[in-house]
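# Observations on the three-dimensional arrangement
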Amino acid sequence: VLMQQTLLRLISENQIIMLDTSVAMDDQFKTLVDEIELPLMENRKKIIVKNAVWAELLRHLGSSDPIKQQRATTAVEIIGMHHNIFEIHDSSVDSEMILKAFADAEFLADLMIHKNRYTQALLTNDKKLSRDANKLNAQESCLGKQISVYNLNRSGNIVFCPYETEEEIVPDTPITNELP
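Notes on the structure in this doc start here. (Residues numbered from 1 in each chain as written. Predicted model: local features only at pLDDT ≥ 70, side-chain atom pairs only at ≥ 80, totals over all residues. Heavy atoms only, no water.)

This next bit is on the sheet that holds strand β5 (residues 147-152). The six strands lie next to each other as β3-β2-β1-β4-β5-β6, forming an open sheet whose pairing is mixed. Because the sheet does not close on itself, it has two edges, and the strands there are β3 (86-88) and β6 (158-160). Taking the axes of each pair of neighbouring strands and ignoring which way they run, one obtains an average angle of 30° across the sheet. Two elements, strand β1 (residues 16-19) and strand β4 (residues 120-123), share four bridges in a ladder whose sense is parallel. Residue I17 lies in a different strand from β4, and its bridge partner there is A121. Here helix α8 (residues 127-135) sits on the sheet and contacts β4 and β5; the angle it forms with β5, its principal contact strand, is near 160°. (Pairing = 2+ DSSP bridges. Helix = DSSP H or I, 4+ residues; strand = E, 2+ residues; numbered from the N terminus. Axes fitted to C-alpha atoms, helices over the stretch in contact; angles between N-to-C directions. Contact = heavy atoms within 4.5 Å.)

This is the structure in structure tokens:
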């Protein structure tokens, strides 16, 4: 029930929903897709897969790490099979783009640029990117609409991650930018 409420909040409160590579390559990505597909379709919304995310996934297809390679393969297959809920922004990528793609900078720039026009959500398991995206809500020189950050937990549930000031962040768990 809580998962449904969080999904409905994600979909109803955000005009733009973006997918980060860290969620696409998560073991629970298929569970998320199965849960979110119908609500997205009912609300005529899609999850945006940025060009840089697509390029990162393609780069991981050739990874020397078999776990990353398998997760990327699964993510690409899932996104491809669910074109009804995913919108790939410019899926034509060249080899240079695949090698150099770094989605975080693109996310932060786009979130800031579109903050004044759209409510936006970012689906990410990257703790540093989550924190940086949330900090955009505290910008004083660029007011705008709320940016929401959601993580995918180990049970396959979407969890809202509200903005925390630096004093509220408890450094008892290691923060990593790496995929498991």
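This paragraph deals with the pairing of β4. Consecutive side chains along a regular strand alternate between the two faces of the sheet. Burial of β4 is two-sided: the residues Q120 and L122 facing one way and the residues A121 and L123 facing the other way are all buried. Sheet topology places β4 next to β5; four bridges connect them, and they run parallel. Note on β5: the bridge partner recorded for Q120 is I147. In this fold, β4 hands off to α8, which returns the chain to β5; that crossover is right-handed. (Buried < 20%, exposed > 50% of the residue type's maximum accessible area, 1.4 Å probe, protein only. Right-handed = clockwise from strand over helix to strand, strands pointing away.)

Mapping T6 onto the fold places it in helix α1 (residues 2-13). The class for T6 is buried, based on a relative accessible area of 14%. Setting aside its immediate chain neighbours within four residues, T6 contacts Y150, I158 and F160.

In this section: the pattern of salt bridges. Within this structure, the stated rule accounts for five salt bridges. One salt bridge connects R71 with D27, and the closest N-O pair in it is separated by 3.1 Å. Remark: D27 occurs in the loop between α2 (21-24) and α3 (29-42) and R71 occurs in helix α5 (residues 66-81); sequence separation between them is 44 residues. Overall, the relative accessible area of 16% leaves R71 in the buried class. When its relative accessible area of 57% is taken as the criterion, D27 is described as exposed. Residue E106 is joined to K50 by a salt bridge in which the shortest nitrogen-to-oxygen separation is 3.7 Å. Linking E106 in helix α7 (residues 103-114) with K50 in the loop between β2 (47-49) and α4 (51-61), this pair joins segments that are 56 residues apart in sequence. Residues joined in a network through salt bridges with shared partners are K50, E106 and D110. (Salt bridge = Lys/Arg side-chain N within 4 Å of Asp/Glu carboxyl O.)

Bringing the packing of α4 against α7 into the picture now. Viewed as axis vectors pointing N to C, α4 and α7 meet at an angle of 165°, and their least axial separation amounts to 8 Å. Viewed along their axes, α4 and α7 adopt a mutual orientation that is roughly antiparallel. For the pair α4 and α7, the sense of crossing is left-handed. Each of A52, V53 and E56 in α4 lies in contact with α7, whose residues at this interface are A103, E106 and F107. (Parallel < 35°, antiparallel > 145°, perpendicular 65-115°, else oblique. Left-handed = near helix turned anticlockwise from the far one by under 90°.)

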